[in-house]
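Each chain, letter by letter, is given below.
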Amino acid sequence: MARVNAAMSAAVLCLVSVQLACAQSASPYARAVSSELSISAGVAQSERRDLAASPLNFGGRGGDLLLGYARERGRTLLQLSLGGGLRTLASSTSAVASTERLTETELHAAALRHVDGRAGNADGLSIGASFDANVTFTAHSYRDASQRVSEFVLGVATLGPVANWKRTIGSGALSAQLGVPIAGFVQHSYSPLNAQYALTNSRLVTIGALRGSSGALSYASFNSARFSPVYLYRFAVMRYDDVQQVRALTQSLSVGMVARFGPQAQ
Amino acid sequence: MRFLRSLTLALVLSGGCAEAVLGPTPAPDHGSLFDELWREFDLHYSFFELKRVNWDSLGAHYRPLAIASANDAAFASVLGRMLAELKDGHVSITPVGVSAVRLMSRTDTTSAYYSSSLVFSKYVPVSQYSPARHLRYGMLSGGAGYICIPDFLGNDWAGELDLAIQQLAKATSIVIDVRSNSGGTYALAAQLAGRFADRERIFGYVRRRSGPGHGDFTDFTAETVAPVSAQRFRVRVYVLSNRRSFSTAENFILAMRVLPTVTIVGDTSAGVSGAPIVRELSNGWTYQLSEWIEYTPDHRPFEGIGLSPGVYVRATATDMLRGTDAILERAVALAAAKAP
């Protein structure tokens, strides 16, 4: 019960943060409105151990795609992105030939506010709250005589603080972002998903059971142009403690294009 | 581009920190592997309470033996002996490069005195296979049709039963033989039984392990059989079973016996009902274990007991020596008595 209360409190805190950030957009500072759309594709590296599927560590690479939308109004920055990827993982133990095929989808929404009082597409630090949801389907191929494949799912939705730092470098702009979940909801397979009457366990969690962080480092070559190439590095690390633990580290490198609308930064 | 190269290098280098995040790869020594197997059964196996198995005690007894094993073959043998204590036909372990170590139960070693060769040479001399050879069928004397289902392996072949019954259109009743059927794909049981269903009926219940406690289970989930196509076969059906009708064959018997036009004839089924899942050890060995308990419609588990037939007939060695299939002959007699 205490865990549920803590999760509820955290959720309320995050919602209040978002409300405050949005309220600021109507302040006298709010003048310029700009938005940008981005698309990027690249390669992702996943390392994971999901004890629902196997006691072994698995690692491998695959494709990664991310669609993003950001809107900046006055001192408020809103972000929304949708991504996904497919990866093929192999056991880290050479003696074991089993493999995993991951299908991952993610949703990120955040509201941030410039903390140094500057408005518009300016350098500086922003902080706010983010909502992240991630669903991973794992098809685990066992190398037994009948070559069976068992499917598992891990769904995680979290709320937590997020910080973004931006700095103009030459004609481009470097941006770094870091988020940490403090509460959330997890749905994890207890038994294979493709078994009859399969079961997934759901629970509300706090930072005691779900620890991790996610972040991104991006560089847009032309900060003031309508269109600019963008280079993106992202990572997400997760440690979920339950009867069947999950540990995961995902990193990706992507190249894409960003299109901007509205007045640009000075 | 220099920036991108730096990021690529960072990605490659950070691969080395994966172990810090995931933890070390589990140790492959016999003690660690034993603990892994013991714990997975502790978390997932469904019959500890029903079979009154003290898993802690078995672990304490077999762990020193496992650690003292001189080699992998001896280690596999110890694990096999411990798992045999569960007396579960769905439990097995498959060491890499060695055939599966599995429980040898009474149903594995007891002869059912059944011979498909005898059936097709004496009782169904003219027979044919369904297109994918999942069924073999023909006519019995007296006007009954006969369909043999040797196993339920594979997927999506229930339509072959429609074809077989169409070929047996002149039959006044149908005998479906699942004796010594080793089981297979669970879904096929209800799909095949649905060919004879008049309406949706509950034929059993299942409860799946849902947590670390040996008594942690989901609620009862109903298993149902329902008409699966516009075509419904209304003839009288006799399903033949014996002590070697395993697993999905028992699901089929369970589904058929709730239908008003069906009579089960023969011996009690094997009582192997656990719906196995497969797992792996960190040395690559795979194993399977039962993860649910299946119940009859009146909520009685039949694991280790079997499903009793409506008409009990026990085949004997004497029958075999005489070249007689007593179970089939009884079904034919019942069909003749009910024939219009």
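Predicted model only: the values in this text are computed from it and were never measured.

Just checking my understanding: could you explain the overall build of chain A for this structure?
Across its full length, chain A carries 1 helix and 12 strands. Secondary structure of chain A in N-to-C order comes out as α-β-β-β-β-β-β-β-β-β-β-β-β. Residues counted as buried form 46% of the 266 residues belonging to chain A. Look at the contacts in chain A between residues 6 or more apart in sequence, and 65% of them connect residues 24 or more apart.

Whenever I open this one, the environment of Ile149 of chain B confuses me. Can you help?
Residue and element names in this part refer to chain B. Take Ile149: it is sitting in the loop between strand S5 (144–148) and helix H8 (159–167). Separated by 33 residues in sequence, Ile149 and Ser182 place their C-alpha atoms 9.9 Å apart. When near neighbours in sequence (up to four residues on either side) are disregarded, Ile149 contacts Leu135, Ile176, Asp177, Val178 and Asn181.

Explain the nonpolar core to me, please; I cannot follow it from the model alone.
Burial of nonpolar side chains together is a common tendency in soluble globular proteins. Ranked by size, the top nonpolar core spans 89 residues in total, and within it Val175, Ala193, Val239 and Met256 of chain B carry the most contacts. Among the nonpolar cores identified, the runner-up in size contains 29 residues, and Ala129, Phe131, Ile182 and Ala248 of chain A belong to it.

Is there a simple way to explain the environment of Ala157 of chain A in this structure?
Assignment of secondary structure puts Ala157 of chain A in strand S6 (residues 149–169). Along the chain, Ala157 of chain A and Phe131 of chain A lie 26 residues apart, while their C-alpha atoms are 7.3 Å from each other.

It is not clear to me how the interface of chain B and chain A should be interpreted in this structure. Could you clarify?
For an interface, size is often stated in terms of accessible area lost upon the parts coming together. Counting residues at the interface gives 33 residues for chain B, matched by 37 residues for chain A. A per-element tally of the side of chain B that touches chain A places helix H1 (residues 2–14) of chain B first, with 6 residues. Looking at side-chain class alone, the side of chain B that touches chain A contains 15 nonpolar, 14 polar and 4 charged residues.

Looking at this structure, how should I read the pairing of strand S12 (residues 286–290) of chain B?
Residues in a regular strand project their side chains so that they alternate between the two faces of the sheet. All names here are of chain B. Extensive coverage of S12 is indicated by the burial of 5 of its 5 residues. Burial of the side chains of S12 extends over both faces: Thr286, Gln288 and Ser290 are buried on one face and Tyr287 and Leu289 on the other. Of the strand pairs in this sheet, strand S1 (residues 92–94) and S12 are connected by 3 bridges, and their pairing is antiparallel. Within S12, the residue paired with Thr94 across the bridge is Thr286. Judged from the 5 bridges that link them, strand S11 (residues 276–280) and S12 form a sheet pairing that is antiparallel. Across the sheet, residue Ile277 finds its bridge partner in S12, namely Leu289. With antiparallel pairing between neighbouring strands as the criterion, S11 and S12 make up a hairpin whose turn holds 5 residues, including Gly284 at a positive phi of roughly 95 degrees.

Could you clarify how one ought to interpret helix H12 (residues 326–338) of chain B in this entry?
Since the α-helix packs 3.6 residues into each turn, any two residues three or four apart lie on the same face. All names here are of chain B. For H12, spanning 13 residues, the distance from its first C-alpha to its last is 18 Å, which sits close to the expected 18 Å at 1.5 Å a residue. Among the residues of H12, those classed as buried are Ile327, Leu328, Ala331, Val332 and Ala335. Along the long axis of H12, the arc covered by the buried residues comes to 135 degrees, so they all point the same way.

Can you walk me through the packing of helix H3 (residues 30–44) of chain B against helix H4 (residues 55–67) of chain B in this structure?
Two quantities define a packed helix pair, namely the angle between the helix axes and the distance between the axes. Residue and element names in this part refer to chain B. It is at 9 Å that the axes of H3 and H4 come closest, and there the two elements cross at 160 degrees. Taken together, H3 and H4 sit at an angle that is classed as roughly antiparallel. H3 and H4 meet at a crossing whose hand is right-handed. Contacts between H3 and H4 involve His30, Gly31, Phe34, Trp38, Phe41 and Asp42 from the first element and Trp55, Gly59, Arg63, Ala66 and Ile67 from the second. Grouping the constituent residues of the contact of H3 with H4 by class yields 6 nonpolar, 3 polar and 2 charged.

Teacher, can you tell me more about the sheet that holds strand S8 (residues 221–225) of chain B here?
Backbone hydrogen bonds are what pair the strands of a sheet, in a parallel or an antiparallel way. Residue and element names in this part refer to chain B. Reading across the sheet, the 3 strands line up as S8-S7-S13 and stay open at both edges, with antiparallel pairing between neighbours. Two strands close off the open sheet at either side, each with one partner strand: S8 and strand S13 (292–295). With direction set aside, neighbouring strand axes in the sheet form an average angle of 30 degrees. Note that strand S7 (residues 201–208) and S8 share 5 bridges and pair antiparallel. Paired with Arg201 across the bridge in S8 is Val225.

Would you explain the packing of H4 of chain B against helix H5 (residues 72–84) of chain B in this entry?
All names here are of chain B. The N-to-C vectors of H4 and H5 enclose an angle of 170 degrees; their axes lie 9 Å apart at closest approach. By the angle between their directions, the pair H4 and H5 is classed as roughly antiparallel. Of the residues in H5, those in contact with Leu58, Tyr62, Leu65 and Ala66 of H4 are Phe75, Val78, Leu79 and Met82. Its residues assigned to classes, the contact of H4 with H5 shows 8 nonpolar, no polar and no charged.

Before we go on, may I ask you to explain the sheet that holds strand S9 (residues 236–241) of chain B in this structure?
Residues and elements named next belong to chain B. Taken in spatial order, the 7 strands line up as S3-S4-S5-S6-S9-S10-S14 in an open sheet, and their pairing is mixed. Whereas interior strands pair on both sides, the edge strands pair on one side only; in this sheet they are strand S3 (127–129) and strand S14 (311–312). Where S5 and strand S6 (residues 173–177) come together, 5 bridges link them in parallel fashion. By the bridge assignment for S6, Cys148 is matched with Asp177. Its contacts with the sheet put helix H10 (residues 248–256) on S9 and strand S10 (262–266), and the angle it makes with S9 is roughly 150 degrees.

Would you mind going over the pairing of strand S2 (residues 58–73) of chain A with me for this structure?
All names here are of chain A. Judged from the 16 bridges that link them, S2 and strand S3 (residues 76–91) form a sheet pairing that is antiparallel. Note that in S3 the partner of Glu72 across the bridge is Leu77. The antiparallel hairpin formed by S2 and S3 contains 2 residues in its connecting segment, where Gly74 sits at a positive phi of about 60 degrees.

Would you mind showing me how to read unusual backbone geometry here?
Glycine aside, negative phi is the norm for most residues, and most peptide bonds take the trans geometry. All names here are of chain B. Phi angles above zero are rare outside glycine, and Arg133 is one such case at about 60 degrees. Mapped onto the secondary structure, Arg133 falls in the loop between S3 and strand S4 (136–139). Of the residues examined, Arg133 has 11 C-beta atoms within 10 Å and is grouped as exposed. The backbone of Ser180 sits at a positive phi, close to 55 degrees, despite the residue not being glycine. Mapped onto the elements, Ser180 comes out in the loop between S6 and helix H9 (186–193).

Help me understand the confidence of the model for chain B in this model?
Interpretation of this model should avoid reading the predicted coordinates in detail wherever pLDDT is low. The predicted model of chain B has a mean per-residue pLDDT of 89, with 90% of residues at 70 or higher. Across the interfaces of the predicted complex, the ipTM metric reaches 0.81, alongside a pTM of 0.85.

Can you walk me through the confidence of the model for chain A in this structure?
Residue and element names in this part refer to chain A. Mean pLDDT over chain A: 85, with 84% of residues reaching 70 or higher. By mean pLDDT, the top-scoring element of chain A is strand S4 (residues 99–114) (96), and the lowest-scoring one is helix H1 (residues 2–24) (43). Ignoring residues within four places in sequence, the model shows residues 1–31, a span with pLDDT below 50, making 45 contacts including any to other chains.

Definitions and limits used
- Residues numbered from 1 in each chain as written.
- Chains lettered and ligands numbered in written order.
- Predicted model: local features only at pLDDT ≥ 70, side-chain atom pairs only at ≥ 80, totals over all residues.
- Helix = DSSP H or I, 4+ residues; strand = E, 2+ residues; numbered from the N terminus.
- Buried ≥ 20, exposed ≤ 12 C-beta atoms within 10 Å, placed from the backbone.
- Contact = placed C-beta atoms within 7 Å.
- Core = buried A, V, L, I, M, F, W, Y, C linked by C-beta atoms within 7 Å.
- Nonpolar A, V, L, I, M, F, W, Y, C, P; charged D, E, K, R; others polar.
- Pairing = 2+ DSSP bridges.
- Expected span 1.5 Å × (residues − 1).
- Arc of directions from axis to C-beta.
- Axes fitted to C-alpha atoms, helices over the stretch in contact; angles between N-to-C directions.
- Parallel < 35°, antiparallel > 145°, perpendicular 65-115°, else oblique.
- Left-handed = near helix turned anticlockwise from the far one by under 90°.
- pLDDT = per-residue confidence, 0-100.

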